[in-house]
Amino acid sequence: MASIQESLEKIAAIDGAVGAALVDYQSGMTLGTIGGGSMDMELAGASNTEVVRSKKKVIDQLSLDEHIEDILITLESQYHLIRMFHENDNVFTYVVLDRDKANLALSRMTLETIDEELELK
């Protein structure tokens, strides 16, 4: 099992990772951040609670018996990846990746492994 900080450090080691945040989308509270450079990862992570809330609302309105695994937002130079925590769907990992340096498929697989090891206390 890994702590929040250990998990964030593993995310920061992903090729092309710019920064990451672990967020409770119910409260909008950021549980931890790493990296980001000039980007405020706490603000970015907390702000993406609206993206998660909106998508969950649509799933409920459509009566889909599904759960979000991840949400991908593609920008010109970055991927913004939101991955729902497997043990608690009120928590998500938000990761910013440089498109020129990151392998999106490998990054998603790595996040899945990190997610499985993360323990919230």
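Scroll up to find the structure this text is about.
Predicted model, so just to flag it, every value in this text is computed and none were measured.

### Thoughts on the overall build of the protein chain
Now for step 1: The helix and strand tally for the protein chain stands at four helices and five strands.
Now for step 2: Ordered by position in the sequence, the α and β elements of the protein chain form the string α-β-β-α-α-β-β-β-α.
Now for step 3: The globule rule puts the C-alpha radius of gyration for 121 residues at 14 Å, and the 13 Å found for the protein chain is close to it.
Now for step 4: For the protein chain, the spread of C-alpha atoms along the three principal axes comes to 40 × 35 × 25 Å.
Now for step 5: Counting across all 121 residues of the protein chain, residues that qualify as buried make up 41%.

### So, a negative patch on the surface
Now for step 1: Negative charge collects at one region of the surface, where Asp65, Glu66, Glu69, Glu112 and Glu116 lie side by side.
Now for step 2: Among the structural elements, Glu66 can be located in the loop between α3 (49–61) and β3 (70–74).
Now for step 3: With a relative accessible area of 53%, Glu66 lands in the exposed category.

### Some words on empty space enclosed by the protein
Rolled over the atoms, a probe as big as a water molecule pinpoints where empty space is left.
Now for step 1: Scanning all chains against the criterion turns up one cavity of 30 Å³ or more.
Now for step 2: By volume, the largest cavity amounts to about 70 Å³.
Now for step 3: Lining the largest cavity are Ser7, Leu8, Ile11, Leu22, Arg83, Met84, Phe85, Thr93, Leu111, Ile114, Asp115 and Leu118.
Now for step 4: The set of elements that each furnish at least two residues to the lining of the largest cavity consists of α1 (4–12), β4 (78–84) and α4 (104–117).
Now for step 5: Counted by class, the lining of the largest cavity contains eight nonpolar, two polar and two charged residues.

### With respect to a nonpolar patch on the surface
Now for step 1: Among the surface-exposed residues, Val58, Leu62 and Leu64 lie close enough to one another that they form a single nonpolar patch of about 250 Å² accessible area.
Now for step 2: Examined against the element boundaries, Val58 turns out to sit in helix α3.
Now for step 3: In this structure Val58 comes out as partly exposed when scored by relative accessible area, which is 31%.

### Observations regarding the pattern of salt bridges
Now for step 1: For the structure on display, the rule yields four salt bridges.
Now for step 2: The shortest N-O distance in the salt bridge between Lys10 and Glu117 comes to 2.8 Å. Of this pair, Lys10 sits in helix α1 while Glu117 sits in helix α4, and the two are 107 residues apart along the sequence.
Now for step 3: Assessed through its relative accessible area of 39%, Lys10 is described here as partly exposed.
Now for step 4: On the basis of relative accessibility, which here comes to 31%, the residue Glu117 falls in the partly exposed class.
Now for step 5: Between Arg53 and Glu50 there is a salt bridge; the shortest N-O distance is 2.8 Å. Taken together, the residues span about one helical turn, with Arg53 and Glu50 both in helix α3 at a distance of three residues.

### As for the sheet that holds β4
Now for step 1: The five strands are arranged β2-β1-β5-β4-β3 in an open sheet whose pairing can be described as antiparallel. Looking at which strands have only one partner, the edges of the open sheet turn out to be β2 (29–35) and β3. In this sheet, neighbouring strand axes are inclined to one another by 15° on average, regardless of whether the strands run parallel or antiparallel.
Now for step 2: Across five bridges, β3 lies against β4 in antiparallel orientation. The residue bridging Asp70 from the neighbouring strand is Arg83, located in β4.
Now for step 3: Of the strands in this sheet, β3, β4 and β5 (91–98) are in contact with α4, which crosses β4 at around 30°.

Parameters at a glance
- Residues numbered from 1 in each chain as written.
- Predicted model: local features only at pLDDT ≥ 70, side-chain atom pairs only at ≥ 80, totals over all residues.
- Heavy atoms only, no water.
- Helix = DSSP H or I, 4+ residues; strand = E, 2+ residues; numbered from the N terminus.
- Rg over C-alpha atoms; globule rule 2.2 N^0.38 Å.
- Buried < 20%, exposed > 50% of the residue type's maximum accessible area, 1.4 Å probe, protein only.
- Patch = residues over 30% accessible without salt bridge, like charges linked within 9 Å, V, L, I, M, F, W, Y side chains within 5 Å.
- Areas by Shrake-Rupley, 256 points an atom, 1.4 Å probe, with all protein chains shown as cover.
- Salt bridge = Lys/Arg side-chain N within 4 Å of Asp/Glu carboxyl O.
- Lys, Arg positive; Asp, Glu negative; His and termini not counted.
- Charge placed at Lys NZ, Arg CZ, Asp CG, Glu CD.
- 1 Å grid on protein atoms, 1.4 Å probe; cavity = no way out; pocket = protein on both sides within 12 Å on 5 of 7 lines; lining within 4 Å.
- Points joined across faces, edges and corners; volume = space filled by probe spheres on them.
- Nonpolar A, V, L, I, M, F, W, Y, C, P; charged D, E, K, R; others polar.
- Pairing = 2+ DSSP bridges.
- Axes fitted to C-alpha atoms, helices over the stretch in contact; angles between N-to-C directions.
- Contact = heavy atoms within 4.5 Å.

Any functional reading would require information beyond the geometric quantities listed.
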